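Chain residues, written in single-letter form:
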Amino acid sequence: MESTSSEPEGQLNTEERRLIQVALRSLNPLGIAIEVGTWKGGGSTLHILRVLEEKAQGHLWGIEADRSIYEAMLANIKRAFPGAETFFSPLFGFSDEVIPRWIDGLDRSKEIDFAFLDGGDNPMEQVLEFRLLRDRIRTGGVLMSHDAKLRKGKWLRPYISAFDNWETTLHD
């Protein structure tokens, strides 16, 4: 969906948002979703929440490490998506600290259906995030990352490709 002036800012383009929504719609059931790097909430976060609402299932946990951006995201989501708390739990902090605590708080029987990695600019961060999440991502679950060809995601795809039980696709 194209952003309107009443929606919060988002960093993903229309095609990137569409790819996320297509991936989410393909998951049935859709229960647990996690996003690293919510920014101001108007890109991937808002579009993930819309699919969860459309499907009337699932919950997104969104991690943001910058306090001012986190506060802006909270205000933006509240304004753009009334009732977001039904589908969304914001988490503040750096992913390498937040993810282990979050996983420890999950019921052991629960698996992650969808993960979107779009945090910091250090390429090793997405590899570390994947390593923290991979054992809890269900078979048939979806892991997506932003900037997978350049910048922050450039090491993740080659890393995952080395595993024989993961399939990768690069959208250019």
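In this report, the structure presented in the accompanying data block is examined. (Residues numbered from 1 in each chain as written. Predicted model: local features only at pLDDT ≥ 70, side-chain atom pairs only at ≥ 80, totals over all residues. Heavy atoms only, no water.)

## A closer look at the overall build of the protein
So, step 1. Within the protein one finds 6 helices and 5 strands.
So, step 2. Ordered by position from N to C terminus, the α and β elements of the protein give α-β-α-β-α-β-α-β-α-β-α.
So, step 3. In terms of overall dimensions, the protein is globule-like: its C-alpha atoms have a radius of gyration of 15 Å, near the 16 Å expected for 172 residues.
So, step 4. If one aligns the C-alpha atoms of the protein with their principal axes, the spans along those axes are about 45 × 35 × 30 Å.
So, step 5. When the 172 residues of the protein are sorted by exposure, 45% land in the buried category.
So, step 6. Put simply, 78% of the contacts in the protein that link residues at least 6 apart link residues at least 24 apart.
So, step 7. Summed over its atoms, the accessible surface of the protein is roughly 9,000 Å², and 50% of this surface lies on carbon and sulfur atoms. (Helix = DSSP H or I, 4+ residues; strand = E, 2+ residues; numbered from the N terminus. Rg over C-alpha atoms; globule rule 2.2 N^0.38 Å. Buried < 20%, exposed > 50% of the residue type's maximum accessible area, 1.4 Å probe, protein only. Contact = heavy atoms within 4.5 Å. Areas by Shrake-Rupley, 256 points an atom, 1.4 Å probe, with all protein chains shown as cover.)

## Let's talk about the sheet that holds strand E1 (residues 32–36)
The strands making up a sheet associate through hydrogen bonds between their backbones, and the pairing can be parallel or antiparallel.
So, step 1. With respect to topology, 5 strands assemble into an open sheet ordered E3-E2-E1-E4-E5, the strand pairing being parallel. For this open sheet the edge positions go to strand E3 (88–92) and strand E5 (137–145), each flanked by a neighbour on one side alone. The mean inter-strand angle of the sheet, taken between neighbouring strand axes irrespective of direction, is 15°.
So, step 2. Inspection of the sheet shows strand E2 (residues 59–64) paired to E3 by 5 bridges, in the parallel sense. (Pairing = 2+ DSSP bridges. Axes fitted to C-alpha atoms, helices over the stretch in contact; angles between N-to-C directions.)

## Considering the nonpolar core
For soluble globular proteins, nonpolar side chains are generally found buried alongside one another.
So, step 1. In terms of nonpolar packing, the biggest core is built from 25 residues, with Ile-20, Leu-49, Phe-114 and Met-144 touching the most fellow members.
So, step 2. Secondary structure elements with two or more residues in this core: helix H1 (14–26), helix H2 (44–55), helix H3 (67–80), strand E4 (112–117) and E5.
So, step 3. When residues in this core are grouped by element, the largest group, 5 residues, is from H2.
So, step 4. Setting aside residues no more than four positions away along its own chain, Leu-49 makes contact with Leu-60, Ile-77, Phe-81, Phe-87 and Phe-88. (Core = buried A, V, L, I, M, F, W, Y, C linked by side-chain atoms within 4.5 Å.)

## Some thoughts on the packing of aromatic side chains
So, step 1. In this structure the tally under the stated criterion is 7 aromatic pairs.
So, step 2. Between Phe-81 and Phe-87, the aromatic rings sit 6.3 Å apart at their centres with planes inclined by 85°, giving edge-to-face as the arrangement.
So, step 3. Residue classification places Phe-81 among the buried positions, given a relative accessible area of 5%.
So, step 4. Exposure remark for Phe-87: the relative accessible area of 12% places this residue in the buried category.
So, step 5. Taken together through their ring pairs, the aromatic side chains of Phe-130, Tyr-159, Phe-163 and Trp-166 make up a single cluster.
So, step 6. Across the ring face of Phe-92, the terminal group of Arg-67 is positioned such that the distance to the ring centre comes to 3.8 Å. (Phe/Tyr/Trp six-rings, centres within 6.5 Å; stacked < 30°, edge-to-face > 60°. Lys NZ or Arg CZ within 6 Å of the ring centre and 35° of its normal.)

## Focus on the packing of helix H4 (residues 95–105) against helix H5 (residues 123–133)
So, step 1. At a minimum axis distance of 10 Å, the contact between H4 and H5 shows a crossing angle of 10°. Considering the angle they form, H4 stands roughly parallel to H5. Each of Ser-95, Asp-96, Ile-99, Pro-100, Trp-102 and Ile-103 in H4 lies in contact with H5, whose residues at this interface are Leu-128, Glu-129, Leu-132 and Leu-133. (Parallel < 35°, antiparallel > 145°, perpendicular 65-115°, else oblique.)

## Considerations on the packing of H1 against H2
So, step 1. Their axes nearest at 10 Å, the elements H1 and H2 cross at an angle of 30°. Judged by the inter-axis angle, H1 sits roughly parallel to H2. Of the two elements, H1 crosses H2, and the hand of that crossing is right-handed. Between H1 and H2, the residues in contact are Arg-17, Ile-20, Gln-21, Leu-24 and Arg-25 and Ser-44, His-47, Ile-48, Arg-50, Val-51, Glu-54 and Lys-55, respectively.
So, step 2. For the contact of H1 with H2, a count of residues per class yields 4 nonpolar, 3 polar and 5 charged. (Left-handed = near helix turned anticlockwise from the far one by under 90°. Nonpolar A, V, L, I, M, F, W, Y, C, P; charged D, E, K, R; others polar.)

## Section: the side chain of Gln-126
So, step 1. Looking at the secondary structure, you find Gln-126 in helix H5.
So, step 2. Residue Gln-126 is classed as buried on the basis of its relative accessible area of 1%.
So, step 3. Ignoring any residue separated from it by four or fewer positions in sequence, one finds Gln-126 in contact with Leu-117, Asp-118, Ser-145, His-146, Lys-152, Gly-153 and Leu-156.

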